[in-house]
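Each chain is listed here by its residues.
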Amino acid sequence: MSKGSNSGGWLNGFIGVVLFSGSLPATRVAVLELNPVFLTVARASNAGILAAVALLVFRQKRPAREHIFPLVMVALGVVVGFPLLTAMALQYITSAHSIVFLGLLPLSTAIFGIIRGGERPRPVFWVFSVAGSLLVTGYAVAQGLTASPIGDLLMIAAIIVCGLGYAEGAKLTKVLGGWQVISWALVLALPVMLPLAFIYMPPSFEGIHADTWISLAYVSIISMFVGFIFWYRGLAQGGTATVGQLQLLQPFFGLALAASFLHEKVSIGMLGVTVGVILCVAGTRKFAK
């Protein structure tokens, strides 16, 4: 892998992480007034319609038959699984608390990158990757499990399915292209998501505040579509396991948003974990393959 493509991968990956950082705070705002299932299918439907238009406008070829199953895995992981599980979790825990669990996402992505993509990072990579994940796990055990076991378990499940979706998408990006992968995954899910959006639609939208609609727009357009254009391109260019470690930075940006916009308490423990995982990112970047 050339130095240029590796640097481009880290840059695209970083942009993706920044765009994804508002997802959990926005979801937290939305679930205060919207059912988690409706939020999930509505954001997928909105993004699916946008993706279908983009595919038609740019006259993209349909994916080959052998790409359908991986696209379904992407859809199950990042279109349905992660949004639904996190929305359910955020009924029990704050977005600031849930954001810390994102520190486990790089390890999940790296493992699936090895299983599904055949990547082989250097051994020292795992030292920093596991260290970052242990920081997050230690924090969750010390602070979270006594607060809401249900919320924490839902977040862990979300991290697992999201890691699978990321790894599958990165592999397909090398063949189909970054925005095409998430677009086709959204379009494949659309025949299911759109009817469910009408089924789970609230009987009345009266009383739903503007912040809720803004949050729904954010997770539909930015989290579900635009962010993935940069993220999958970054993973394909720089390697799923290595560039995936940038997700360790996501708690830092997410905590800042939770504190600034939601006025949620960010404890010293949260900040300590975040600083620790940033150092781990620096380590994995230095020893990337």
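Preceding block: the structure.
Structure report, in brief. This is a predicted model, so every value here is computed, not measured.

Cut-offs and rules
Residues numbered from 1 in each chain as written. Predicted model: local features only at pLDDT ≥ 70, side-chain atom pairs only at ≥ 80, totals over all residues. Heavy atoms only, no water. 1 Å grid on protein atoms, 1.4 Å probe; cavity = no way out; pocket = protein on both sides within 12 Å on 5 of 7 lines; lining within 4 Å. Points joined across faces, edges and corners; volume = space filled by probe spheres on them. Helix = DSSP H or I, 4+ residues; strand = E, 2+ residues; numbered from the N terminus. Expected span 1.5 Å × (residues − 1). Buried < 20%, exposed > 50% of the residue type's maximum accessible area, 1.4 Å probe, protein only. Arc of directions from axis to C-beta. Core = buried A, V, L, I, M, F, W, Y, C linked by side-chain atoms within 4.5 Å. Contact = heavy atoms within 4.5 Å. Axes fitted to C-alpha atoms, helices over the stretch in contact; angles between N-to-C directions. Parallel < 35°, antiparallel > 145°, perpendicular 65-115°, else oblique. Nonpolar A, V, L, I, M, F, W, Y, C, P; charged D, E, K, R; others polar.

## Observations concerning the layout of surface pockets
Estimated volume of the largest pocket: approximately 400 Å³. Listing elements by their share of the lining of the largest pocket, those giving two or more residues are helix H2 (23-31), helix H10 (210-238) and helix H12 (250-261).

## What to know about H12
Compared with an ideal rise of 1.5 Å per residue, which puts 12 residues at 16 Å, H12 spans 16 Å between its outermost C-alpha atoms and is within 8% of the ideal. Buried within H12 are the following residues: Gln250, Pro251, Gly254, Leu255 and Ala258. Projected onto a plane normal to the axis of H12, the buried residues spread over an arc of 120° and lie on a single side. The positive-phi residue at the C-terminal boundary of H12 is His263, with phi of around 55°.

## Things to note about the nonpolar core
In this structure, Leu39, Val78, Val79, Tyr166, Ile182, Leu186 and Tyr232 are the most contacted members of the largest nonpolar core, which totals 73 residues. Contact partners of Tyr166, with chain neighbours within four places excluded, come to Phe20, Val78, Leu105, Thr109, Phe228, Trp231, Tyr232, Leu235 and Gln247.

## A few points about the packing of helix H4 (residues 65-89) against helix H9 (residues 178-199)
Put simply, H4 and H9 touch, their axes get as near as 8 Å, and they point 75° apart. In terms of orientation, H4 and H9 fall into the roughly perpendicular class. Within the contact between the two elements, H4 uses Ile68, Leu71, Val72, Val74, Ala75, Val78, Val79 and Val80 and H9 uses Val181, Ile182, Trp184, Ala185, Leu186, Leu188, Ala189 and Met193. Residue classes in the contact of H4 with H9 are distributed as 16 nonpolar, no polar and no charged.

Nothing here speaks to function; it is all geometry.
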